[in-house]
Amino acid sequence: MIIAERKPLPEVLGMLDGSNEILVLGCRSCTAICLAGGEKESRALSEALALHSELKGKGWKVDTLTVERACEKEFLTPLNGFKGTVVSMACGVGAQVVQDHGPEAMVVPGVNTSNMGAPEGMGVFVEKCAGCGDCIIHLTAGICPIARCAKSLLNGPCGGSQNGLCEVSKETPCAWDQIIRSLERSGRLDLLNVNIPPKDWRASRNGGPRRVVNQEALPGAAQNGWRGEP
Amino acid sequence: MSVSQLQGTLDAGKFAVTAEIGPPRSCEVDKLRQMARLLKGSAHAFNLTDNQAANVRMSSIASSVICLQEGLEPVMQMTCRDRNRIAMQSDVIGASALGIRNVLCISGDHQVFGNHPQAKNVYDLDSIQELMVLRNLTKGNNWSGETLPEPPQLYLGAAVNPFADPFEFRVTRLGKKVDAGAQFVQTQCVLDVERFKKFMGLVVEKELHEKVHIIAGVIPLRSHKAALFMKNKVAGMSVPDELVDRLRRSSDPKEEGIRMCVEMMNELSSIKGVHGVHITAIAWEDIIPRLVEEAGIRP
Amino acid sequence: MIVCYCCSRSGMPAALLALEEGGLDDVIVREVPCAGSVEQWEVLRSFRQGAEGVLIVGCLLENCAHHYGSEVAARRSLILERTVQDIGLTKGRVAMVHLAEQQSARFRRAVEEMRATIREQGGQA
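Residues numbered from 1 in each chain as written. Chains lettered and ligands numbered in written order. Predicted model: local features only at pLDDT ≥ 70, side-chain atom pairs only at ≥ 80, totals over all residues.

Asker: Describe the overall build of chain B, naming the residues involved and giving the relevant values.
Answerer: Scanning chain B for helices and strands turns up 11 helices and eight strands. Taking the principal axes of the C-alpha coordinates as reference, chain B spans close to 60 × 45 × 40 Å. Relative to its full complement of 299 residues, chain B shows a buried share of 52%. Long-range pairs, those at least 24 residues apart, make up 78% of the contacts in chain B between residues at least 6 apart in sequence. (Helix = DSSP H or I, 4+ residues; strand = E, 2+ residues; numbered from the N terminus. Buried ≥ 20, exposed ≤ 12 C-beta atoms within 10 Å, placed from the backbone. Contact = placed C-beta atoms within 7 Å.)

Asker: Please provide a residue-by-residue account of the overall build of chain A, values included.
Answerer: Looking only at helices and strands, chain A features seven helices and seven strands. In chain A, the succession of α and β elements from N to C terminus is β-α-β-α-α-β-β-α-β-β-β-α-α-α. Taking 230 residues into account, the globule formula puts the C-alpha radius of gyration at 17 Å, and chain A, at 22 Å, lies well above it. C-alpha atoms of chain A, sized along the principal axes, occupy 65 × 55 × 25 Å. By the burial criterion, 38% of the 230 residues in chain A qualify as buried. Within chain A, contacts between residues separated by at least 24 positions form 53% of all contacts whose residues are at least 6 apart in sequence. (Rg over C-alpha atoms; globule rule 2.2 N^0.38 Å.)

Asker: Go over the sheet that holds strand β1 (residues 16–21) of chain B with me, naming the residues and quoting the values.
Answerer: All names here are of chain B. Taking strand neighbours around the barrel as the criterion, the eight strands line up as β1-β2-β3-β4-β5-β6-β7-β8 in a closed arrangement whose pairing is parallel. Ignoring which end each strand starts from, the neighbouring axes of this sheet average 30° apart. Two elements, strand β2 (residues 45–48) and strand β3 (residues 74–79), share three bridges in a ladder whose sense is parallel. Across the sheet, the residue bridging to Leu48 is Met76, located in β3. (Pairing = 2+ DSSP bridges. Axes fitted to C-alpha atoms, helices over the stretch in contact; angles between N-to-C directions.)

Asker: How would you explain unusual backbone geometry if you had to name every residue and give the values?
Answerer: All names here are of chain B. Here the residue pair Asp165 and Pro166 is connected by a cis peptide bond, since its omega of -15° sits within 30 degrees of zero. Turning to its location among the elements, Pro166 is positioned in the loop between β5 (155–160) and α6 (167–180). Backbone geometry places Asn51, a non-glycine residue, at a positive phi of 45°. Looking at where Asn51 falls in the secondary structure, it is placed in the loop between β2 and α3 (60–69).

Asker: Break down the interface of chain A and chain C for me, citing the residues and quoting the values.
Answerer: In this complex, chain A contributes 13 residues to the contact, which on the side of chain C involves 13 residues. Breaking the side of chain A that touches chain C down by element, the ones donating at least two residues are α1 (9–14) and α3 (39–56) of chain A. Looking at the side of chain A that touches chain C, the element that brings in the most residues is α3 of chain A, giving 11 residues. Classifying every residue of the side of chain A that touches chain C gives seven nonpolar, one polar and five charged. (Nonpolar A, V, L, I, M, F, W, Y, C, P; charged D, E, K, R; others polar.)

Asker: Requested: an account of the arrangement of the chains, with residues and values cited.
Answerer: Contacts are most numerous between chains A and B, considering all two pairs of chains that are in contact. Separating chain B from chain C is a minimum C-alpha gap of 27 Å, and the two share no contact.

Asker: So what about the domain arrangement of chain A? Which residues, and what values?
Answerer: Per the domain assignment, the segments of chain A are domain 1 (2–115) and domain 2 (132–207). Computed from C-alpha coordinates alone, the two centres of domain 1 of chain A and domain 2 of chain A are separated by 37 Å. (Domains from an automatic or database assignment.)

Asker: I'd love a proper account of the packing of helix α5 (residues 127–138) of chain B against α6 of chain B, names of residues and values included.
Answerer: Residue and element names in this part refer to chain B. Put simply, α5 and α6 touch, their axes get as near as 8 Å, and they point 20° apart. Our classification of the angle between α5 and α6 gives roughly parallel. Where α5 crosses over α6, the handedness of that crossing is right-handed. Of α6, the residues touching α5 (which contributes Ile128, Leu131 and Met132) are Lys176, Lys177 and Ala180. Of the residues assigned to the contact of α5 with α6, the class counts are four nonpolar, no polar and two charged. (Parallel < 35°, antiparallel > 145°, perpendicular 65-115°, else oblique. Left-handed = near helix turned anticlockwise from the far one by under 90°.)

Asker: Tell me about the sheet that holds strand β4 (residues 85–88) of chain A, and please be specific about residues and values.
Answerer: Residue and element names in this part refer to chain A. One open sheet holds the four strands; their spatial order is β3-β2-β4-β5, and the pairing between them is parallel. Looking at strand neighbours, the two that pair on one side only are β3 (61–67) and β5 (106–109), the edges of this open sheet. Direction aside, neighbouring strands of the sheet carry axes that sit 25° apart on average. Here strand β2 (residues 21–27) runs beside β3; their pairing, made up of seven bridges, is parallel. By the bridge assignment for β3, Cys27 is matched with Val67. Strand contacts of α3: β2, β3 and β4, with the helix running at about 175° to β3, the strand carrying the most contacts.

Asker: Before we move on, can you summarise the environment of Cys34 of chain A with the specific residues and values?
Answerer: All names here are of chain A. Inspection of the secondary structure assignment puts Cys34 in the loop between α2 (30–33) and α3. Taking the C-alpha atoms as reference points, Cys34 and Val124, separated by 90 residues in sequence, lie 8.4 Å from one another. Here Cys34 is in contact with Ile3, Ala4 and Phe125, once residues within four sequence places are set aside.

Asker: Provide a residue-level description of the nonpolar core, including the pertinent values.
Answerer: Note that soluble globular proteins tend to have their nonpolar side chains buried in a common cluster. The biggest cluster of nonpolar side chains holds 86 residues, and the ones touching the most others in it are Phe46, Val185 and Val218 of chain B. In contact with Val218 of chain B, other than residues within four places in its own chain, are Cys189, Val190, Cys261, Met264, Met265, Leu268, Val277 and Ile279 of chain B. Cys91 of chain A together with Ala14, Val97 and Met114 of chain C belong to the second largest nonpolar core, which has 75 residues in total. (Core = buried A, V, L, I, M, F, W, Y, C linked by C-beta atoms within 7 Å.)

Asker: Describe helix α8 (residues 224–233) of chain B, listing the residues and the values that go with them.
Answerer: Residues and elements named next belong to chain B. Every buried residue of α8 is listed here: His224, Ala226 and Ala227. All buried residues of α8 project into a common sector of 160° when viewed along the axis, lining one side. Exposed residues pointing more than 90 degrees away from the buried face of α8 are listed as Asn232 and Lys233. On the buried face of α8, the contacting elements are α9 (241–249) and α10 (253–269). (Arc of directions from axis to C-beta.)

Asker: I'd like to hear about the packing of α6 of chain B against helix α7 (residues 193–205) of chain B, residue by residue, with values.
Answerer: Residues and elements named next belong to chain B. Following both chains from N to C, one finds α6 and α7 inclined at 45°, their axes separated by 10 Å at the closest point. On the basis of their axis angle, the class for α6 and α7 is oblique. The interaxial crossing formed by α6 with α7 has right-handed handedness. Each of Arg170, Val171 and Leu174 in α6 lies in contact with α7, whose residues at this interface are Phe199, Leu202 and Val203. For the contact of α6 with α7, the class distribution of residues is five nonpolar, no polar and one charged.

Asker: Can you lay out the pairing of strand β4 (residues 102–106) of chain B for me, pointing to particular residues and giving the numbers?
Answerer: Residues and elements named next belong to chain B. Along β4, five of the five residues are buried, which leaves the element largely enclosed by surrounding structure. Of the two faces of β4, the one holding Asn102, Leu104 and Ile106 and the one holding Val103 and Cys105 are both buried throughout. When β3 meets β4, the two strands line up parallel, connected through five bridges. Bridged to Met76 within β4 is Val103. The parallel pair β3 and β4, bridged by helix α4 (residues 85–97), forms a crossover whose chirality is right-handed. (Right-handed = clockwise from strand over helix to strand, strands pointing away.)

If you want it as structure tokens, here you go:
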């Protein structure tokens, strides 16, 4: 899922000069799970903003609403016609969909969206996938070296791997150490004898912002006609 | 047919000596020329590091050219951190055009270590893919398949670290680098000679020493503090306690350090599969001529 | 006015004992099943409703009836203290107290300390 963190309050306050009506928009999906922007966090921010407004005489009208998924505009109908400031507690995707959906509102980010990852334990979320568009984890024991190796190496660990840790941080396991141990356990070390050639990065963000089309789901002429659309 | 003095020396079965020069942080050309003149003749070839430890320095290609002008044979280093395949091929074609022949392909220290930790890194290729791409160039094609009317002439090298983990995989990784095109490798500084011997034993078992020339790294240590720094603060180093103690107990640690380095070079030269030594004497480069003299390996 | 969120197991008994002894007319007590269940928004809402300080009263760390609820509350109170300052109030307005059910004196002391802090600093930052 997408991992995000709440922005420091002073930073959010700095975005709200000149605002009158403020809506703190939470999301029940990813940011709720990583405890950054779900209903609880949105209500907390909403109370904080309202209190700040009262103390400093800002005259803000603050409200909060949490939707199922901010990234799908079907869930955003309650925001129709809203012209104030939306503090988005959804991930960067949701924030932008909200802005696209309501161009008259001003959307500001209440969270910093970080990565695609998973919970490792209570309150700890680690990056797992880099969205490279060309998955090869069948060659690496189900562990992604693009995301989990600091240098995205594809042919084994660099010389900085020590005691199973990455040279970058003692908190970062060396992905290649993990891959090798896993291949060893399953008797597939021979996979490492084949050199993986230079990667085609076109399917990744490097090829430009991506547009993925599912042919089956695209509405065709007959479907459009039936719905009365051009 | 050898393209460089280093290749010629190694292929003829002679013991090779290489040494490292750290390029200056700015356009201090005179300083670099002086260093080159001081070291000339002490080694068959000199590595010019590439923004080592991710600190900005004069480029390896520029420093290599300056060394060429001074009559030294350079080993240009190229990490994967700062350049994509386009820049790498371009720089290597340029390097060859300028007379540089030896190129060391390495992953490169992550930028968090350096003076620009905020930078975005590249890592379009890893060091093994870099070898593949560069070898392809020498054979007459760039990576997109276009033929090159005048391919670069390169002697390709890589780094190997017998002291990083996992130990057993380090030999496999050497094999991968050889498959990808490595013709010589330089190892991380050997301070733990027992572990190194174990590594070389596995290398010889796999007969890799017949496919690639292995040049063992050495470093003169001037004090027990320097040894401790290597032990605790440098990634991928193995430093035995006895070594630290020997320096600590000595009344003249500098001399002891020199003596230890000479002893190490002699011991390494007797290990099967070791075809040379690579001396890194950071901030103590002026000791290199004496080291090679006393070890009897001056070219 | 000081609002005290007190857990059923330890906070409430201690608070009720202290209230009986008197001298705590500026204290409002709210019962919660566990100190860890007090959400950030609730504490901030209390300030909007007129509280000058908020105490979160829970079990001793090694004795929480819900294992780690008291610990979570302690960490949350630190974040809230920071938030309240960022909003523009002075320091020391949110605090965590760990106690056992009979430790009414500890409860009283925490209230007195907070009262003193609020008085010293005089309101807004």
